[in-house]
Amino acid sequence: MLVSILHRATGDGMALVGSVLFVWWLAALAAGEAAYAQFIDIFTVSSGAPNIIGYIFGIGLTLSFFQHMSSGIRHFVLDTGAGYELKGNRRGAQGTIVISVVLTAAYWAYLIMGS
């Protein structure tokens, strides 16, 4: 039940937050250099230090993406007729949460520490 709710919430959240951020980015880009610099400053670096707002949005959207993707793969497997046993279904649901957290941590570790 939790994974199903998370799947819907992450899909809606990515659509809503991602669309708003994308439109804001386009508007800042169209408004000129000062507006674009302010947008970049809010979401990347503020006065030479990493901005926590950018990390919150970035990590949140990344976690939402990986959770939605993992849950979608789980539903794809369920559509083939596999994984309906109670134990396997529960393990798959828990696995989607664990995998999404691990992939998010690995992705952000790669971004922060570089290649």
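Check the entry above for the structure.
Model, not experiment: these values are computed from the prediction.

Cut-offs and rules
Residues numbered from 1 in each chain as written. Predicted model: local features only at pLDDT ≥ 70, side-chain atom pairs only at ≥ 80, totals over all residues. Heavy atoms only, no water. Helix = DSSP H or I, 4+ residues; strand = E, 2+ residues; numbered from the N terminus. Rg over C-alpha atoms; globule rule 2.2 N^0.38 Å. Buried < 20%, exposed > 50% of the residue type's maximum accessible area, 1.4 Å probe, protein only. Contact = heavy atoms within 4.5 Å. Areas by Shrake-Rupley, 256 points an atom, 1.4 Å probe, with all protein chains shown as cover. Patch = residues over 30% accessible without salt bridge, like charges linked within 9 Å, V, L, I, M, F, W, Y side chains within 5 Å. Salt bridge = Lys/Arg side-chain N within 4 Å of Asp/Glu carboxyl O. Phe/Tyr/Trp six-rings, centres within 6.5 Å; stacked < 30°, edge-to-face > 60°. Expected span 1.5 Å × (residues − 1).

J.: I'm lost on the overall build of the protein in this one. Help?
T.: A count of helical and extended segments in the protein gives four helices and two strands. For the protein, the N- to C-terminal ordering of α and β elements is α-α-β-β-α-α. For 115 residues, the compact-globule estimate of 2.2 N^0.38 gives 13 Å, and the C-alpha radius of gyration of the protein, at 18 Å, exceeds that figure by more than 25%. Buried residues in the protein amount to 21% of all 115 residues. Looking at the protein alone, contacts between residues at least 24 apart form 63% of all its contacts between residues at least 6 apart. For the protein, the exposed area adds up to about 7800 Å²; of that, 72% sits on carbon and sulfur atoms.

J.: How should a nonpolar patch on the surface be read in this particular structure?
T.: A surface patch of nonpolar side chains, about 630 Å² in accessible area, is lined by Phe 65, Met 69, Ile 73, Phe 76, Val 77, Ile 99 and Leu 103. Elements that contribute at least two residues to the nonpolar patch include exactly α3 (52–79) and α4 (86–113). The dominant element in the nonpolar patch, judged by the number of residues it contributes, is α3, at five residues. Structurally, the position occupied by Ile 99 is in helix α4. With relative accessibility at 44%, the residue Ile 99 sits in the partly exposed group.

J.: Is there a simple way to think about the packing of aromatic side chains in this case?
T.: Following the criterion strictly, the structure yields nine aromatic pairs and no others. Between the aromatic rings of Phe 43 and Phe 57, the centroid separation amounts to 5.6 Å while the plane-to-plane angle is 80°, which identifies the pairing as edge-to-face. Residue Phe 43 is located in helix α2 (residues 33–43), and its partner Phe 57 is located in helix α3; the two are separated by 14 residues in the primary sequence. In this structure Phe 43 comes out as buried when scored by relative accessible area, which is 16%. Among the aromatic residues, those joined into a cluster by ring pairs are Tyr 55, Phe 65, Phe 66, Tyr 107 and Trp 108.

J.: I keep staring at the environment of Ile 59 and nothing clicks. Help me out?
T.: You can see Ile 59 is positioned in helix α3. When the C-alpha positions of Ile 59 and Trp 108 are compared, they lie 7.6 Å apart, and in sequence the two are 49 residues distant. Ignoring sequence-local partners within four residues, the contact set of Ile 59 consists of Thr 104 and Trp 108.

J.: Would you mind showing me how to read α4 here?
T.: Because an α-helix packs 3.6 residues into every turn, residues spaced three or four apart end up facing the same way. Here α4 is 28 residues long and its end C-alpha atoms lie 40 Å apart, about the 40 Å a rise of 1.5 Å per residue gives. Among all positions of α4, only Ala 93, Thr 96, Ser 100, Thr 104 and Trp 108 are buried. Each element contacted by the buried residues of α4 is listed here: α1 (2–31) and α3. Gly 114 occupies a position one or two residues after α4 and carries a positive phi of about 85°.

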